[in-house]
Structures are given as C-alpha cells and as structure tokens.
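Single-letter residue listing:
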Amino acid sequence: MNFGLIGAAGYIAPKHIKAIHETGNSLVAAADPHDCVGRLDSFFPEARFFTEIERFDRYLEKRRRGPEEEQVQYVSVCSPNYLHDAHVRLALRVKAHAICEKPLVISPWNLDALEELEAEHGRKVFSVLQLRLLPSLLKLREDLQAQVARERADICLTYITRRGCWYDSSWKGAFEKSGGVALNIGIHFFDLLHWLFGEAESSKVHLNAPRKMAGVLEMNRARVRWFLSTDADDLPEDVVKQGGYAHRSMTFDGQEIEFSGGFTDLHTRVYEEILAGRGTGITEARPSIDLAHSINNSEVEHSLRDAHPFVS
Ligand code: NAD
Ligand code: HP7
C-alpha cells in the first residue's frame, strides 16, 4: 500500500518510515517545513518531498484522482500535537486512513469532529499508543481480566525521562502546542492505566509544574499514585551513575512490573496491528485524553496525604 507522511524531519518520523518499510509498504510522499530529510533515502529515495503542506495535499489529491495503483491508502501524522487534527482532516479528505501520533488531539472535544469526518469519508483514524503492545503489560491485562473479583490494586507509577533545556524552548514546552507534560508524555501511562484498571472514578493532583506533575487516581480496579517528570534532578542516583536518562517503574501491590524495556521497536508492531484491523482508534484514545485534560485543569491539592513518595 502507499503511504504519505507529515512531519518527516522530526524526531519520531524515522520510526514511522521504518515501520512502513518493515510492514512491506511504500512511502510515496512526505511533507515538512524543514528540509533535513535525507533519512527518506534509507528506504524510500523515490518518495516525493514537499516543504509546503498545500503542495503535499495537491499531490495526494492528484493521486486520488489517478489509477487504482496510485491511491494513497494511509497518511502518517508526526507533526506537533496542536496540528494533529488539521493533518488528520487532510488525510481523510484525500480518502486515506490516518495513523496519528499521540495525543490524537489536545482538546477532547476535537475528537467529536474527527469521528464525524471518519463517517463522512468512510476512512479511519488510528492513534499510536505503542505501550499497549509491551508483552509484560499484555500479560498483566490478561491476568487481571481472568480474575473475577479482587481488592483494588495499589499501584505506584514513576515515569521520569530527562529532557534538556531545548525542551522548554521547543513546541513541546509550549502548553498550548503540546498540552503540557501530561498530554505529551503522561498520555502513555494514563492510557495504560485506563486499559488495565478501568474508569478513573476520582483524581487528585498534588503537583503541577511545567516539567513535572503528580497525583493520585482512584480507578475501578486500582488506586494509583503517579509521578511524571522530565527533570534530570528527579532521576534516581543509580540510574545517573549508570549513564541512564530514564527511570520508568510501576509497582503492583509492592511488586515491580517489567515496564521499562522493549520500548524501541514498537512502532512497527503498531503498524502491524493497524494493518491487521486491530488498531487503536478514536474510541480507545478518548479516555486518556479526557483524563489528561481534566488533570491539567484540576486544582492542586494542598494535603499530600496519599501522594506519590516523590512528593510526600
Ligand atoms: P519534532 O518537533 O521532532 O518533529 C515534528 C516535525 O513536524 C518537525 O520536523 C516539524 O518541522 C514538523 N512540522 C511542524 N509544522 C508542520 C506542518 N505544518 N506540516 C508538516 N510538518 C510540520 O517532534 P517529534 O518528537 O517528532 O513529535 C512528533 C509527534 O510525535 C508528536 O505528536 C509527538 O507527541 C509524537 N511523539 C510520539 C512518540 C511516541 O513514543 N509515540 C515519541 C515522540 C514523539
Ligand atoms: N529525545 C530526543 O532527542 N528528542 C525528542 O524530541 C524526544 C526525546 P525517551 P521516547 O519527549 O516528546 C517520549 O524518553 O519514548 C531523546 C514519549 N514516549 O525514551 O521516544 C531523549 O532525550 C513521547 O510520547 O523518548 O518519547 C532520549 O535521549 C513523547 O512525545 C531519547 O531520545 C516524547 O518522549 C529517548 O527518550 C517527547 C514514551 O514515553 C513512550
């Protein structure tokens, strides 16, 4: 099948380019205002490249009107978060399915419009939520589903991944463009928590700063104390000593769940799932976007009772 790619010069685009190649498909067109895209040559030197999105749009439209073999069936969206819905609309308009990076949108209500457009165009919107494909978490979910009734689990989730000063000056550090750390990074674990433990019944936020957030969630099947940070000073000493840049940990009733390894090649798995008809769509992406949005808009609790150990 033929693919288009928006945001080809960015950090995550090579994983999509590789996934398109590894799933046996062709990248025929790419767009990015920045032209540092020699990475296209690794698999797709024949792909057309546009620095203006309008010209990319025109090219895909021309192919849409052409013969069957010219059709572009999928457009992958790797642009900054605040542009996702506009770029997904472009994909649907040219009659392609969209494979969009997380978070699908920053404001939950924009999902409604995308759902309507899916129906109008007869094409689907998929979100990249690759941590659902981690084998250890798939196993945990299976085990949880097999249990008829159990006490609420006690979960302590710590997600620290160091980012330098550049992060604050980039679109990722601009709340209105990224949705803040909760939507830009936390979205992965909010999605996992909902997928594993069901609805969030209540939520408290204990810390809300540009580089770190923390809170507690009462979910159907778990009470979760969570801590999220991009601040290098929050990394545990042993991680720093070993030259590591991230510390991702989840304990379940005090037992560590394997959660940090095997992150690197999941994009190809995401593509395989989508192409096999098992992709995560708007319905699956919605709960974590709702939750992160509501956490972003919560008052900070002054009492630190029940807080994650890193803040209490
Ligand atoms: P980035 O800033 O490195 O790349 C974004 C690219 O989009 C840049 O090359 C930029 O020039 C381009 N761009 C900006 N405006 C554009 C426009 N109007 N049209 C086309 N291209 C445009 O950011 P990134 O880290 O690659 O993030 C891209 C997306 O991927 C974001 O949605 C981010 O949340 C997501 N992401 C997901 C993961 C993951 O683990 N799934 C990891 C990193 C990033
Ligand atoms: N890195 C960069 O060089 N540039 C970047 O833009 C980002 C990282 P990880 P990922 O920060 O926007 C996570 O923490 O897992 C460097 C989120 N995904 O493993 O790839 C970084 O300094 C993602 O949703 O990053 O991405 C490290 O050296 C979020 O958009 C290295 O790359 C992204 O951070 C790897 O860093 C972000 C997950 O948490 C699964």
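One numbering rule holds for all chains: residues counted from 1, following each sequence as written. Written order decides the labels, with chains lettered from A and ligands numbered from 1. Only residues with pLDDT of 70 or above have their local features reported here, since the model is predicted, and side-chain atom pairs are shown and tallied only from 80 upward, although totals for entire chains, interfaces and linings are computed over all residues. Where side-chain values are given, they derive from all heavy atoms of the structure, hydrogens and water being excluded.

A. The arrangement of the sheet that holds strand 7 (residues 153-161) in detail. Here a strand pair is declared whenever DSSP counts at least two bridges between the two strands. Strands are runs of DSSP state E lasting at least two residues, helices are runs of H or I lasting at least four, and both sets are numbered from the N terminus onward. Spatial ordering of the open sheet is given by 8-9-10-7-11-12, a layout of six strands whose pairing is mixed. Both edges of this open sheet fall to strand 8 (200-209) and strand 12 (255-257), since each of them pairs with a single strand only. Pairs of neighbouring strands in the sheet enclose a mean axial angle of 20°, with direction left out of account. Sheet topology places strand 9 (residues 212-219) next to strand 10 (residues 222-229); eight bridges connect them, and they run antiparallel. Residue pairing across strands places Glu218 opposite Arg223, the latter belonging to strand 10. By definition in these notes, contact holds between two residues if any of their heavy atoms fall within 4.5 Å. Axes, fitted as lines to C-alpha atoms, cover a helix only where it is in contact. Angles between the N-to-C directions of the axes lie from 0 to 180 degrees. Its contacts with the sheet put helix 11 (residues 282-296) on strand 8, strand 9 and strand 10, and the angle it makes with strand 8 is roughly 50°.

B. Structural context of the sheet that holds strand 2 (residues 26-31). Strand order in this open sheet of six strands is 3-2-1-4-5-6, and the pairing throughout is parallel. The sheet terminates laterally at strand 3 (48-50) and strand 6 (125-127), the two strands that pair on one side only. If you compare each strand with its neighbour and ignore which way they point, the axes differ by 20° on average. With three bridges connecting them, strand 2 and strand 3 associate as parallel partners. Within strand 3, the residue paired with Ala30 across the bridge is Phe49. Across the sheet, helix 3 (residues 84-93) touches strand 1 (2-6), strand 4 (74-77), strand 5 (97-100) and strand 6, and the angle it forms with strand 5 is around 155°.

C. Summary view of the site of ligand 2. Any residue with a heavy atom positioned within 4 Å of a molecule or strand is treated as near that molecule or strand. Residues in contact with ligand 2 amount to 16 residues; listed here are only the nearest, Tyr11, Tyr159, Thr161, Lys172 and His188. Between ligand 2 and Arg163 there is a distance of 2.7 Å, counted from an oxygen atom to a side-chain nitrogen or oxygen. Think of a polar contact as two N or O atoms within 3.5 Å of one another; within protein, one of them needs to be a possible hydrogen donor and the other a possible acceptor, and neighboring residues in sequence only count if both atoms come from side chains. A distance of 3.0 Å is found between an oxygen atom of ligand 2 and a side-chain nitrogen or oxygen belonging to Asn184. The method behind every accessible area is Shrake-Rupley, applied with a 1.4 Å probe, and residues are considered shielded solely by the protein chains displayed. For ligand 2, the protein covers 78% of the area, taking 700 Å² as the surface of the free molecule. According to the grid-proximity analysis, the pocket containing ligand 2 is the largest pocket. No other element matches helix 8 (residues 180-197), which puts three residues into the shell around ligand 2. Under this grouping Gly is polar, as are all residues other than the nonpolar Ala, Val, Leu, Ile, Met, Phe, Trp, Tyr, Cys and Pro and the charged Asp, Glu, Lys and Arg. Taken together, the residues of the shell around ligand 2 break down into seven nonpolar, four polar and five charged. The way it works is a 1 Å grid over only the protein atoms, where trapped points that fit a 1.4 Å probe form a cavity and open points with protein on both sides within 12 Å along at least five of seven lines form a pocket, and then any residue with an atom within 4 Å of a point lines it. Occupancy of a cavity or pocket is assigned to a molecule whenever over half of its atoms lie within 2 Å of that pocket's grid points.

D. Representation of the pattern of salt bridges in the model. Note on definitions: salt bridges are taken to be side-chain nitrogens of Lys or Arg within 4 Å of carboxyl oxygens of Asp or Glu. Under the counting rule described, the total for this entry stands at 24 salt bridges. The shortest N-O distance in the salt bridge between Glu61 and Arg64 comes to 2.9 Å. Within this pair, Glu61 and its partner Arg64 are both found in helix 2 (residues 53-64), separated by three residues, close to a single helical turn. The exposure class assigned to Arg64 is partly exposed, which follows from its relative accessible area of 27%. With a shortest N-O distance of 3.1 Å, Glu115 and Arg286 are connected by a salt bridge. With Glu115 in helix 4 (residues 110-121) and Arg286 in helix 11, this residue pair connects regions lying 171 residues apart in the sequence. Only protein chains enter the accessibility calculation, which uses a 1.4 Å probe; a residue is then buried when its area is under 20% of its type maximum, exposed when over 50%, and partly exposed in between.

E. Representation of unusual backbone geometry in the model. Omega for the bond connecting Lys102 with Pro103 falls within 30 degrees of zero, at -20°, which places this linkage in the cis form. Here Pro103 lies in the loop between strand 5 and helix 4. Of note in the backbone geometry, Asp306 takes a positive phi value of approximately 75° without being a glycine. Structurally, the position occupied by Asp306 is in the segment after helix 11. Asp306 sits in the partly exposed class, given a relative accessible area of 28%.

F. Inspection of the site of ligand 1 at higher detail. Lining the immediate surroundings of ligand 1 are 24 residues, of which Asp32, Asn81, Lys102, Trp171 and Lys172 lie closest. Between an oxygen atom of ligand 1 and a side-chain N or O atom of Trp171, the distance comes to 2.7 Å. Contact distances for ligand 1 include 2.5 Å between an oxygen atom and a side-chain N or O atom of Lys172. Of the pockets mapped on this structure, ligand 1 occupies the largest pocket. Mapped by element, the contributors of at least two residues to the shell around ligand 1 are helix 3 and helix 8. Grouping the constituent residues of the shell around ligand 1 by class yields nine nonpolar, 11 polar and four charged. When residues of the shell around ligand 1 are assigned to domains, at least three fall in each of domain 1 (2-127) and domain 2 (131-263 + 278-296). Domain delimitation in this document rests on an assignment produced automatically or drawn from a domain database.

G. Representation of the domain arrangement of the chain in the model. Partitioning the chain into structural domains gives domain 1 (2-127) and domain 2 (131-263 + 278-296). The straight-line distance from the C-alpha centre of domain 1 to that of domain 2 is 27 Å. If you look at the interface, domain 1 gives 18 residues, while domain 2 gives 19 residues. Buried area adds together the accessible area that both of two parts lose upon being put together, with accessible area traced by a 1.4 Å probe. Note on domain 1 versus domain 2: buried area summed over both sides is about 1700 Å², and carbon and sulfur give 63% of it.

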